[in-house]
Amino acid sequence: MNTDVPKANDPVSVKIDGGLDLDAAVIVALGSNDKGVWPSCRDGLQAALARFRAEGLDIVARSSWWHSRAWPDPTDPPFLNGVVIVRTALDPHAVMSTLGRIEEAFGRQRGPRNGPRTLDLDLIAYGRVHGDLDGLILPHPRAAERLFVMGPLAEIAPDWHHPGSAGRAADLATTAPVGRDARSIPDDTAPQG
C-alpha cells in the first residue's frame, strides 16, 4: 500500500467556483469508516483529495464533512462523507478508473457490499450524461436516495439538477430516505475514528 500520498493540511474551500456550469459538473462522493494507516478517517479523506489533481481531477468545490451511522449495518463504524465537484478532461470511464486507482492506493479492499472501507469514491454525475455507458450507470443509481451524498452536494450546489429528473440537490437532501442521521460537521471537529 502506498502511504506516500501528500496530505492536505488545509481544508479545500466550500465555496463554488463562480464560473462553473452545473450542467457540466463532474461530481464525486467520498467516504470512509476505516482509518487504515491514517491517524483518522478525516486525514485519509484529506489525503485522497490532495491526490486528485495529480490524477487529472481539479477540485473546484468541496462540501464540509458529514458524519453518519454506517448503512445498512449501523453496528459498523460510523462514516465520514463529503462531495467534490471537479473539472477534468477525462471521460467517464477514465474517471472511474482513476477513482479506483486512488481507492486502491489508499488500501481499499473489496469486501461485503456496503461494508467498512478505508476509502470509497463514487462518480455521482458526469455533466448531464444519463444512462448506461457500457456498464457504467450515470448518474449514480442510488445517490438521490442518500442524505450523506445529497446533503453535502446541496451545500455546494443546491441548484444542481439530477440528470434523471429526480430534482434539485437541495430538494433531494430533504427527501433522501437513506442516512437520515447524516449531519454536517465543522472540519476541526470531525470524528478522529
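Residues numbered from 1 in each chain as written. Predicted model: local features only at pLDDT ≥ 70, side-chain atom pairs only at ≥ 80, totals over all residues. Heavy atoms only, no water.

*Asks:* Help me understand the pattern of salt bridges in this model?
*Replies:* Pairing is possible between side chains that carry opposite charge, provided their charged atoms lie close to one another. Scanning the entire structure with this criterion turns up 8 salt bridges. A salt bridge links aspartate 23 to arginine 128; the shortest N-O distance between them is 3.9 Å. Pair noted here: aspartate 23 is in the segment before strand S1 (26-32) and arginine 128 is in the loop between strand S5 (120-126) and strand S6 (131-133), with a separation of 105 residues, a long-range link. Its relative accessible area of 43% is what places aspartate 23 among the partly exposed residues. When the shortest N-O distance is used, the salt bridge between arginine 51 and glutamate 55 registers 3.1 Å. One connected set of salt bridges, linked through shared partners, spans Arg51, Glu55 and Arg101. (Salt bridge = Lys/Arg side-chain N within 4 Å of Asp/Glu carboxyl O. Helix = DSSP H or I, 4+ residues; strand = E, 2+ residues; numbered from the N terminus. Buried < 20%, exposed > 50% of the residue type's maximum accessible area, 1.4 Å probe, protein only.)

*Asks:* Please clarify how unusual backbone geometry should be interpreted in this entry.
*Replies:* Note: most peptide bonds trans; most residues except glycine with negative phi. Residues tryptophan 71 and proline 72 are joined by a peptide bond in cis, for which omega reads 10°. Tracing the backbone through its elements, the reader meets proline 72 in the loop between strand S3 (65-68) and strand S4 (79-87). At the junction of leucine 138 and proline 139, the peptide bond is cis and its omega measures out at -10° in the coordinates. In this structure, proline 139 sits in the loop between strand S7 (136-138) and helix H3 (147-156). In the Ramachandran plot, aspartate 134 falls in the positive-phi region, its phi being about 50° despite a non-glycine side chain. Residue placement: aspartate 134 occurs in the loop between S6 and S7. For aspartate 134, a relative accessible area of 77% puts it in the exposed group.

*Asks:* When you look at the pairing of S3 in this model, what are you seeing that I'm missing?
*Replies:* Both faces of the sheet carry side chains from a regular strand, because those side chains alternate between them. Sheet topology note: the S3/strand S8 (residues 183-185) ladder contains 3 bridges and is antiparallel. Bridging from a neighbouring strand, tryptophan 66 pairs with serine 184 of S8. Where S3 and S4 come together, 3 bridges link them in antiparallel fashion. By the bridge assignment, tryptophan 66 is partnered in S4 with asparagine 81. (Pairing = 2+ DSSP bridges.)

*Asks:* What am I meant to see in the packing of helix H1 (residues 41-52) against helix H2 (residues 92-105) here?
*Replies:* Angle between the axes and distance between the axes: these two values describe a pair of packed helices. It is at 11 Å that the axes of H1 and H2 come closest, and there the two elements cross at 135°. Our classification of the angle between H1 and H2 gives oblique. In the crossing of H1 with H2, the sense of the turn from one axis to the other is right-handed. For the pair formed by H1 and H2, the contact residues are Ala48, Arg51 and Phe52 on the first element and Leu99, Ile102 and Ala105 on the second. A per-class count over the contact of H1 with H2 returns 5 nonpolar, no polar and 1 charged. (Axes fitted to C-alpha atoms, helices over the stretch in contact; angles between N-to-C directions. Parallel < 35°, antiparallel > 145°, perpendicular 65-115°, else oblique. Left-handed = near helix turned anticlockwise from the far one by under 90°. Contact = heavy atoms within 4.5 Å. Nonpolar A, V, L, I, M, F, W, Y, C, P; charged D, E, K, R; others polar.)

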